[in-house]
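Architecture at a glance
Here is how the chains run, residue by residue.
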Amino acid sequence: MDITYDVSSKCWILQMEASTYCIGLSEDSSSLQHIYWGPRIASEAASEMAHASVPLIVPFESPTGVSREEYAPWGEMRFSEPSLKVEYADGTRTIEWVFEEHGVERSGAGQTLWLRFRDQAYPLRVTLYYRIYDGHDVIERWVRLENSGGGGPVTIEQALSADWQLPRRERYRLTYLYGQHMKEMQVAEVVLGPGKAVLESRRGMTSHQFNPWVALDPEASATEESGEVWSAALAWSGSWKIVVETTPYGEVHCVGGLNDFDFRYQLAEGEQLDLPAFVGLYSNKGFGGISRGWHAYEREHVIPEALDAVRPILYNSWEATMFAVTERSQMELAEKAAKLGAEIFVLDDGWFGARNSQYAGLGDWTVNPQKFPHGLNPLIARVNELGMRFGLWVEPEMVNPDSDLYRAHPDWVYHFRHRSRTEGRHQLVLNLAREDVRDWMFATLNGLLSEHNIEFIKWDMNRSICEPGWPDEVGQNPERVSLDHVRNLYWVIDELRRQHPNVEFESCAGGGGRIDLGVLSRVEQVWTSDNTDAFDRLRIQEGFSYAYVPRVMMCWVTDCPNFSTSRTVSLRYRFHVAMAGSLGVGGDLSHWTPQELEEARGFIETYKRVRPIIQNGLLYRLRSPRVGSVAASQYVAQDGSEVVVFAWGHSQQFGQTPVSLLLHGLEEEAHYADAINGATYSGAYLAHRGLPMNLVGDFDSRIVHLIRTPSAQ
Ligand code: DGJ
């Protein structure tokens, strides 16, 4: 990994593990041009490309307007999606900038290139950052905006984090993740023609509807394990926007960052604003290569302390007891969960205030004395005695109108004057952009963590933000709340983590509504979906794995018939699906038969043996649940010594045996033994003849654990 500046061609070359990125200044230093992003090439070849770049000439257009800019400030003859649009205090609304200086900084395993531009006539400085890491092909890009003073505030109307220019090819296919509550992370694809594809959230949160992650491959040529793919993901948990634009002249670029819809930010004199990172990744090993690239980056550089540690087995009582939690019911569940082998016990919604249903109590974070007459400590002590850590559910950004908090502070929620306060799940959203709300939130949670031995927080958010008004701030730039809400949310979590380093966090938003690189840098795991139907989960988990590492994907085994789909499948199938990520149990254990409890104990024991491979290994998606009647995934330990394969059959037809699974990432000459039945295969056999899975009937499933046998010499 290295970043160099080539003086002769005025270009910067970023050399990564298996890819190269190159950018250069235009002749007059007034724009930063994209030169190359693709497989690793010699730096001389990159600089040759920079020397050879000639501006595109299009009648009726300016050369700058149709050029491949790394970050396009609105102005000149630019008509495609810009990266930055501001208004200066005197009403001027375009930017004309010049390059000022650059530098490269090294820290730990990373190197950061920064390039500073300044407006020629107004007090705005824009610094573009590019950070790369040893052993990776990701480029983190972000931007710092600074009002250098002397000209009044600078109003930011659109400020995206990066513009990724793609190599010129015929047509690109865009792959992205869409969904809804209970149906997150569905994989969609579309071949792009001229025009824009816009993916966004206007909800103040990452959203179930679209996830801020995209992949692009030319002429739909990539497969799961081959072909070139360019991908980008945003580190932001609020309203966001990604625009993939194919210009009429055949240039494709992908620009993303904060959503400019209903947004304005006044940058005061002397103030700086750091925009969230929009991270890019290239692989020529298909969608599997892209996913493994994202997973490795997340484990090593995003998720707190994720490198080799394994995630614990979690029990969550939500589906078992819903709001009817009591000290006794939770202790009984805790005892059963501990016997199964659970390592964290999480008390979900319903433990506080007058929270007996969705209608009341949110905001009143004091223990309900009817349900827990002696507070939470007796339950926590019992959970600890049983050898588990105690976790607690909170939803700090919300308030029910029927709560003491709302009665005391009706002005603390987002609202506009003379307008409705639209409730979602009977709740309103606290205006976390307010400092007093932020301080109250921190003090409340800090109090809970200080008074109890809580070692895990499930942080939920069960509705989108709407009507984001702040009447008292009219005239003071209340249109910045979508940014400040997330900044303050991050601040509260960061500060809690700092003061309580033993506490782990799970991000949840009615299931998977807040999963992104931004929140992942401050939580250990996420709640994937409220949909716990094992068959539906296969597709949710598949989409999830495109962008995010399985170790953070919390998967519970719950009861059948499933509460949301009424489907009944075997306990074994449910476990096998949930074992493909970070395993949890969410069923009502008081109704499980002794045989079921025993069976579950066995699965958990198996999972504990293989979890380092699943959580920290290399994932190969062998068969998609979207195609055919068998889905399968393979995980290979980082050192190649162990392999885990799951196959999940949907329905067997005509008595036909499903084909064997061709495995990846093995040494052909090595031998691998099945840890359960001792059968031994050569790597070549598994790669070319395949592992037989022998699934029979409907909803059958299997796990195979292979261990590389020591070589003969
Ligand atoms: C939504 C979450 O996704 C569920 O797991 C549960 O915590 C409920 N909220 C509680 O209200």
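Our structure is the block above this text.
In what follows, the accompanying structure is described. (Residues numbered from 1 in each chain as written. Predicted model: local features only at pLDDT ≥ 70, side-chain atom pairs only at ≥ 80, totals over all residues. Heavy atoms only, no water.)

Inspection of every chain in the model, using the stated rule, returns 49 salt bridges. E228 serves as the salt-bridge partner of R169, at 3.1 Å between the closest nitrogen and oxygen. You can see R169 sitting in the loop between β10 (154–166) and β11 (172–178) and its partner E228 sitting in the loop between β14 (210–218) and β15 (229–234), a full 59 residues away along the chain. Across the salt bridge formed by D349 and R355, the nearest N and O atoms sit 3.0 Å from each other. For D349, a relative accessible area of 1% corresponds to the buried category. Relative accessible area serves as the criterion here: at 0%, R355 is assigned to the buried category. What emerges from the salt-bridge pattern is a single network uniting E81, K196, K241 and D260. (Salt bridge = Lys/Arg side-chain N within 4 Å of Asp/Glu carboxyl O. Helix = DSSP H or I, 4+ residues; strand = E, 2+ residues; numbered from the N terminus. Buried < 20%, exposed > 50% of the residue type's maximum accessible area, 1.4 Å probe, protein only.)

Moving on, we come to the sheet that holds strand β28 (residues 525–527). The strand order around the closed barrel built from eight strands is β21-β22-β23-β26-β27-β28-β29-β30, with neighbouring strands paired in parallel fashion. Across the sheet, the mean angle separating the axes of adjacent strands is 30 degrees when strand polarity is ignored. Pairing between β28 and strand β29 (residues 553–557): two bridges, direction parallel. Residue pairing across strands places W527 opposite M554, the latter belonging to β29. Packing against the sheet, helix α8 (residues 481–499) makes contact with β26 (456–459) and β27 (504–507), and its axis sits at approximately 170 degrees to β26. (Pairing = 2+ DSSP bridges. Axes fitted to C-alpha atoms, helices over the stretch in contact; angles between N-to-C directions. Contact = heavy atoms within 4.5 Å.)

Moving on: the site of the ligand. D348, D349, K458, D460 and D530 are the nearest of the 14 residues found near the ligand. Measuring from an oxygen atom of the ligand, one finds a side-chain N or O atom of D349 at 2.6 Å. In this structure, an oxygen atom belonging to the ligand sits 2.9 Å away from a side-chain N or O atom of R425. Protein contact buries 98% of the 290 Å² of open area that the ligand shows by itself. Residues that form the shell around the ligand fall into these classes: five nonpolar, three polar and six charged. (Near = heavy atom within 4 Å. Polar contact = N/O pair within 3.5 Å; in protein donor to acceptor, adjacent residues only side chain to side chain. Areas by Shrake-Rupley, 256 points an atom, 1.4 Å probe, with all protein chains shown as cover. Nonpolar A, V, L, I, M, F, W, Y, C, P; charged D, E, K, R; others polar.)

This part is about the side chain of N531. Mapped onto the elements, N531 comes out in the loop between β28 and α10 (534–547). With relative accessibility at 4%, the residue N531 sits in the buried group.

Okay, the packing of aromatic side chains next. A full pass over the atoms with the stated rule returns 37 aromatic pairs. Consider the rings of W318 and F323, whose centres lie 5.2 Å apart with planes at 90 degrees: the pair is edge-to-face. Note on accessibility: W318 and F323 belong to one class, buried. Pairing W351 with F352 gives two aromatic rings, centres 5.1 Å apart and planes at 75 degrees, and the pair type is edge-to-face. With a relative accessible area of 0%, W351 lands in the buried category. Under the relative-accessibility criterion, F352 is labelled buried at 0%. Members of the aromatic cluster, connected to one another through ring pairs, are Y5, W12, Y71, W97, F99 and F117. (Phe/Tyr/Trp six-rings, centres within 6.5 Å; stacked < 30°, edge-to-face > 60°.)

Moving on to the pairing of strand β8 (residues 124–133). Burial runs high along β8: nine of the 10 residues are buried. Pairing geometry for strand β7 (residues 110–119) and β8, over nine bridges, is antiparallel. By the bridge assignment, Q111 is partnered in β8 with I132. Remark: four residues form the turn of the hairpin made by β7 and β8, two consecutive strands paired antiparallel. One ladder, built from nine bridges, connects β8 with strand β9 (residues 138–147); its direction is antiparallel. Following the sheet pairing, Y129 is matched in β9 by W142.

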